[in-house]
Amino acid sequence: MVTVKIDEIEVQVQEDTPILKAAEKAGIWIPTMCHSELFEPYGVCRLCSVEVIRGKRSRIVTACNYPVREGLTIQTNSAKIQWIRKIIMELMLSRWPNVKVVKETAEKLGIKESRFPSLERDEAEDACILCGRCVNVCREVVQAEILAFAYRGIKREVVLPFGEQSDKCIVCGACALVCPTGHIKMVIEDYKGKKPEFTLGPKTSIYVPTMQGIPRVPVIDAESCIHFKTGGCETCAKVCEPHAINYDMKEEVVEIDAGQILLTTGYDIFDGSKMAQFGYGMLDNVYSSLEFELMLNSTGPTGGKVQLKNGKAPRAVGILHCIGSRDHEHHPYCSRVCCMYALKFAHLVHDRTEAAIYQFYIDMRAFGKGYEEFYSRLLDEGITMIRGKAAEVVESTWSKNGDGSLLIRCEDTLIGKFREVPVDMVILCNAMEPQKDVDAIRRVFSISKSPDGFFLERHPKLDPTSTMSDGIYIAGCAQGPKDIPDTVAQASSAAAHILSYISKGEVEIDPVRAWIDEKYCSGCRICNSLCPYTAIDFIEDKKISIVNDVLCKGCGTCVAACPASAITGKGFSDAQILAELEGLLEI
């Protein structure tokens, strides 16, 4: 630590700390136009000039890149410094009179107008002031080196290589981020039904997927991260105090021994763009259920505000049930959770806005504890319930009504009439469907799936968490659509199963098993390929097959297929069955 005196204020800082940082610690403001925390300071604007005194020697230096030393005395507001800053500021104000940052800095320095005329006067409010931030951040941080200065003196300007767009530009937006005047802008082409990251708010390359998630760990999107594109930046690693960021980490496969496995693969939501009649991906302000949940989240991009693409609150909101579920063209099953989270959406929209809310449903399935009471509460709040599946969502300009930006067309089965409801926002309650890799997982663990695509349980009522493969359990939406309480209950049941076997220390197996008589086995291997549990092994030395009693479930597939009748079921051999019949006949 060194002690320096800045405007008669003593301050202790680390040696080699720039004067600008030491002055900030002392509470002293030093103006600057070109400085940024992202790259090495270079003092081009000269506004941060200060007077440094060591002994009898006095020097004028730039505060952003001059390091402090023990015993220095620094004057940031002497008459000489005031004169220097005034000249620089007047020249800038003369050339760029309408730039906000220039005018604000001039006012702080007590300058109202410039005495000097400029031959290159630019009266634009977002004029480039040649601070060089964009050039430096592109060269030092992004390491793309797309921007550079051309010419000298008053003709100086920031240009692209040869004045043409370069393929090396990764459109990261770092130059627009550091530009103090807004001269550089990130312009996104406007189109209907744009992706949610454009409509719901910005998302950086490193972010926390869900603030309520456990564990709450940020992730890096390698496809948009500057470092993975150019090898530069690494800003997040520099500011991370526990040094938890490692860019060199690779995906790896780790093999571990496990006696029991619980599969909780979760679910995907149905892609609403497959049902084009509802306008998802084509019309503005049409959101999926998860996108709207993100909007409602207080830690989300809108801070929990329900708002349209233009930032205004909606006047009317339509919530469409059963998008992709209870539909023989897509998923015939009911997703179970849609009705209740649709009611939750309606309640939150009613609580946060003055919008009229419409629910379009086939049947209201409020099946859980307290669910029916919640449904009745929403009726009391004035939510309009329309029984009838919506037919399509179109722009209101197609209709004569023109009351809202969108129109929901449906048949109200309670009154037996066709209706057109004008709304500003549409929320789609998408179906829950199995993960895309469910077939690959099923093959790895030798388990089955039901016709709806979810994993098949041993028994739907008596054993909903076990599978036909011992030691393999399923829980949550891996087994079928369900809400959080049912998921927690099923996971607890599966965990109890696993712990019960661990506490016993041994496993009991069913007595019904297949058995191969080695005398009659010809080694044809038909049973090996047919066994659904891979419980039959072929012994090369003896040229025969044997059954693994632990894996065999006694299904009888191999017994029926064996051409030599070498395989029988324990407890179900011909001799045993004949003996049972003789016993019955004697009675």
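So, a few notes on the structure that sits alongside this text. Remember, it's a predicted structure, so these values are computed and weren't measured experimentally. (Residues numbered from 1 in each chain as written. Predicted model: local features only at pLDDT ≥ 70, side-chain atom pairs only at ≥ 80, totals over all residues. Heavy atoms only, no water.)

Looking at the overall build of the chain
Convention followed: Counting from the N terminus, the helices are the DSSP runs of H or I reaching at least four residues and the strands are the DSSP runs of E reaching at least two. For this measure, only C-alpha atoms enter the radius of gyration; the expected value for a globule follows 2.2 Å times N^0.38, where N is the number of residues. Categorising residues by exposure relies on relative accessible area from a 1.4 Å probe, with only protein chains included: less than 20% of the type maximum marks a residue as buried, more than 50% marks it as exposed, and the intermediate range marks it as partly exposed. Contact between two residues is taken to exist if any of their heavy atoms lie within 4.5 Å; hydrogens are not considered. What sets the accessible areas is the Shrake-Rupley method with a 1.4 Å probe; for residues, cover comes only from the shown protein chains. His is not counted, nor are the chain ends, whereas Lys and Arg count as positive and Asp and Glu as negative. The atom standing in for a charge is NZ when the residue is Lys, CZ when it is Arg, CG when it is Asp and CD when it is Glu.
Secondary structure assignment for the chain yields 16 helices and 25 strands. A globule of 587 residues ought to have a C-alpha radius of gyration of about 25 Å, yet the chain, at 36 Å, is considerably larger. Its C-alpha atoms give the chain principal-axis dimensions of about 125 × 70 × 50 Å. Within the chain, the proportion of its 587 residues that are buried is 41%. Contacts in the chain between residues far apart in sequence, at least 24 positions, make up 58% of those at least 6 positions apart. Split by element, the accessible area of the chain, about 34300 Å² in all, is 53% carbon and sulfur. Taken as two groups, the 67 positive and 79 negative side-chain charges of the chain have centres that lie 9 Å from each other.

Quick notes on the pattern of salt bridges
Oppositely charged side chains can pair when the atoms bearing their charge come close. Stated formally: Here, a salt bridge means any Lys or Arg side-chain nitrogen found within 4 Å of an Asp or Glu carboxyl oxygen.
Per the counting criterion, the structure on display carries 29 salt bridges. When the shortest N-O distance is used, the salt bridge between Asp284 and Lys309 registers 3.0 Å. Linking Asp284 in the loop between strand 11 (268–269) and strand 12 (286–288) with Lys309 in the loop between helix 9 (289–296) and strand 13 (316–323), this pair joins segments that are 25 residues apart in sequence. Residue classification places Asp284 among the buried residues on the basis of a relative accessible area of 17%. Judged by relative accessible area, which is 29%, Lys309 ranks as partly exposed. Across the pair Arg419 and Asp412 runs a salt bridge, and its minimum N-O distance is 3.1 Å. Assessed through its relative accessible area of 27%, Arg419 is described here as partly exposed. A single network of salt bridges, built from pairs that share partners, joins Arg458, Asp463, Asp470 and Lys553.

Some words on helix 4 (residues 133–142)
The element helix 4 is extensively covered by neighbouring structure, given that 8 of its 10 residues are classed as buried. Turning to helix 4, its buried residues are Arg133, Cys134, Val135, Asn136, Val137, Cys138, Val141 and Val142. Its buried side turned inward, helix 4 meets strand 6 (148–150), strand 7 (157–159), helix 5 (174–178), helix 7 (226–230) and helix 8 (235–239). One or two residues past the end of helix 4 sits Gln143, with phi positive at roughly 60°.

Re the pairing of strand 4 (residues 57–62)
Inclusion rule: When DSSP locates at least two bridges between a pair of strands, those strands are taken to pair.
Sheet topology note: the strand 3 (residues 49–54)/strand 4 ladder contains 6 bridges and is antiparallel. Residue pairing across strands places Ser49 opposite Thr62, the latter belonging to strand 4. Hairpin connection between strand 3 and strand 4: a loop of 2 residues separates the two successive antiparallel strands, and Gly55 in this loop has a positive phi of roughly 70°.

With respect to the nonpolar core
For soluble globular proteins, nonpolar side chains are generally found buried alongside one another. Put simply, the test is: Take the buried residues of types Ala, Val, Leu, Ile, Met, Phe, Trp, Tyr and Cys, join any two whose side-chain atoms come within 4.5 Å, and each joined set is a nonpolar core.
Counting 34 residues, the largest nonpolar core has Phe292, Ile319, Met385 and Met425 as its most contacted members. Every element with two or more residues in this core is listed here: helix 9, strand 13, helix 10 (338–352), strand 14 (356–361), helix 11 (371–381) and strand 19 (425–430). With 10 residues, the top contributor of residues to this core is helix 10. Beyond its immediate stretch of four places on either side in the chain, Met385 contacts Leu343, Gln359, Tyr361, Met364, Tyr375, Leu378 and Leu379. In this structure, Leu320, Phe360, Ala390 and Leu406 belong to the second largest nonpolar core, which totals 22 residues.

Some thoughts on the sheet that holds strand 1 (residues 2–6)
The strands making up a sheet are joined through hydrogen bonds of the backbone, oriented either antiparallel or parallel. Put simply, the test is: To get an axis, fit a line to the C-alpha atoms, keeping to the stretch in contact for a helix; angles then go from 0 to 180 degrees between the N-to-C directions.
Strand order in the open sheet formed by 5 strands is 2-1-5-3-4, with mixed pairing between adjacent strands. The open sheet has two free edges, formed respectively by strand 2 (9–13) and strand 4, since each of these has just one partner strand. The sheet shows a mean angle of 30° between the axes of neighbouring strands, direction not considered. Taken strand by strand, helix 2 (residues 79–95) contacts strand 3, strand 4 and strand 5 (73–75), and its axis lies near 155° from that of strand 3.

Some thoughts on the packing of aromatic side chains
Just so we agree on the cut-off: Within 6.5 Å between ring centres, the rings of Phe, Tyr and Trp (the latter by its six-membered ring) count as paired, and their orientation is classed by plane angle as stacked under 30 degrees, edge-to-face over 60, tilted in between.
In total, this model carries 5 aromatic pairs according to the counting rule given. Ring centres of Phe292 and Phe345 lie 5.1 Å apart, and the angle between their planes is 80°; this geometry places the pair in the edge-to-face category. In this pair, Phe292 sits in helix 9 while Phe345 sits in helix 10, placing the two residues 53 residues apart along the sequence. Phe292 sits in the buried class, given a relative accessible area of 0%. The class of Phe345 is buried, set by a relative accessible area of 1%.

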